[in-house]
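The chain contents come next:
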Amino acid sequence: MAIPGYDSNNVAEYTLEQVGARVELVAGVVPDEFGLAKSGGEPPVDALADPVDLVDLETVKAVEAVRIALVYDPSKLPPGASPTDVAVAVETEDGWEPLESTVDLDETTVTAVLNDRPAGSTVVAGYDDTDEEREE
């Protein structure tokens with residue numbers, strides 16, 4: 001599925017099937033080195049999947065849109081948690097930051113669409129228990 005509002009011919013797609021990760025980019029320059037890799041880093045406590053590194057993210061130029069879709073394991077949700085309390089989280093200098101995300105319960109995927117590159121290069125599907133509304 002392409003990023004809504006963008007011509008599929010302008011979208012670069014990357015998939016890492018072994019961890020169920022997919023990233024789509026609309027950018028002026030997407031170097032050949034860009035891709036996805038299973039992260040060697042420690043996942044957050046509330047992770048519902050393995051973390052994924054966006055390799056050479058800093059080399060992508062003139063980013064218009066980024067769509068990150070991650071498969072997650074709903075059985076890892078804490079007891080009593082809503083199945084929609086899942087978000088794509090990005091690792092920043094301040095810790096893991098949940099992004100505004102959409103959950104597909106049938107496919108057990110969570111998706112975040114951004115208008116710029118994420119604040120970090122490691123992402124994960126995680127339990128999001130924040131009650132506050134996020135405003136862009």
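What counts, and where the lines are drawn
Residues numbered from 1 in each chain as written. Predicted model: local features only at pLDDT ≥ 70, side-chain atom pairs only at ≥ 80, totals over all residues. Heavy atoms only, no water. Helix = DSSP H or I, 4+ residues; strand = E, 2+ residues; numbered from the N terminus. Rg over C-alpha atoms; globule rule 2.2 N^0.38 Å. Buried < 20%, exposed > 50% of the residue type's maximum accessible area, 1.4 Å probe, protein only. Contact = heavy atoms within 4.5 Å. Areas by Shrake-Rupley, 256 points an atom, 1.4 Å probe, with all protein chains shown as cover. Lys, Arg positive; Asp, Glu negative; His and termini not counted. Charge placed at Lys NZ, Arg CZ, Asp CG, Glu CD. pLDDT = per-residue confidence, 0-100. Pairing = 2+ DSSP bridges.

Asker: How would you sum up the overall build of the chain? Please name residues and give values.
Answerer: The helix and strand inventory of the chain stands at zero helices and 10 strands. Along the chain, from the amino end to the carboxyl end, the secondary structure elements read β-β-β-β-β-β-β-β-β-β. For the chain, the C-alpha radius of gyration of 14 Å lies close to 14 Å, the compact-globule estimate for 136 residues. Dimensions of the chain, computed from the C-alpha atoms along their principal axes, are close to 45 × 30 × 30 Å. The 136 residues of the chain split such that 43% are buried. A fraction of 59% describes how many contacts in the chain between residues 6 or more apart in sequence connect residues 24 or more apart. Of the roughly 7800 Å² of accessible surface on the chain, a fraction of 43% belongs to carbon and sulfur atoms. Averaging the locations of the 7 positively and 31 negatively charged side chains of the chain gives two centres separated by 5 Å.

Asker: Report on the confidence of the model for the chain, specifying residues and quantitative values.
Answerer: When pLDDT drops low, the exact placement of atoms in the prediction is not to be read closely. For the chain, per-residue confidence averages 90 on the pLDDT scale, and residues scoring 70 or more make up 94% of the total. Segment residues 132-136 is flagged for pLDDT under 50; beyond a separation of four residues in sequence, or across chains, it makes five contacts in the model.

Asker: Help me get a handle on the pairing of strand β6 (residues 86-92), residues and values and all.
Answerer: Side chains on a regular strand alternate between the two faces of the sheet. Most of β6 is tucked away, with six of its seven residues classed as buried. Across five bridges, the pairing between β6 and strand β10 (residues 122-127) is antiparallel. In the sheet register, V86 faces β10, and the bridge partner there is Y127. Here β6 runs beside strand β7 (residues 95-98); their pairing, made up of four bridges, is antiparallel. Directly across from A89, in β7, lies its bridge partner P98. Where β6 folds back onto β7 in an antiparallel hairpin, the turn is made up of two residues.

Asker: Explain unusual backbone geometry to me, using residue names and the numbers behind them.
Answerer: Look at D56: it is not a glycine, yet its phi comes out positive at around 60°. Position of D56 relative to the elements: it lies in the loop between β4 (52-55) and β5 (61-71).

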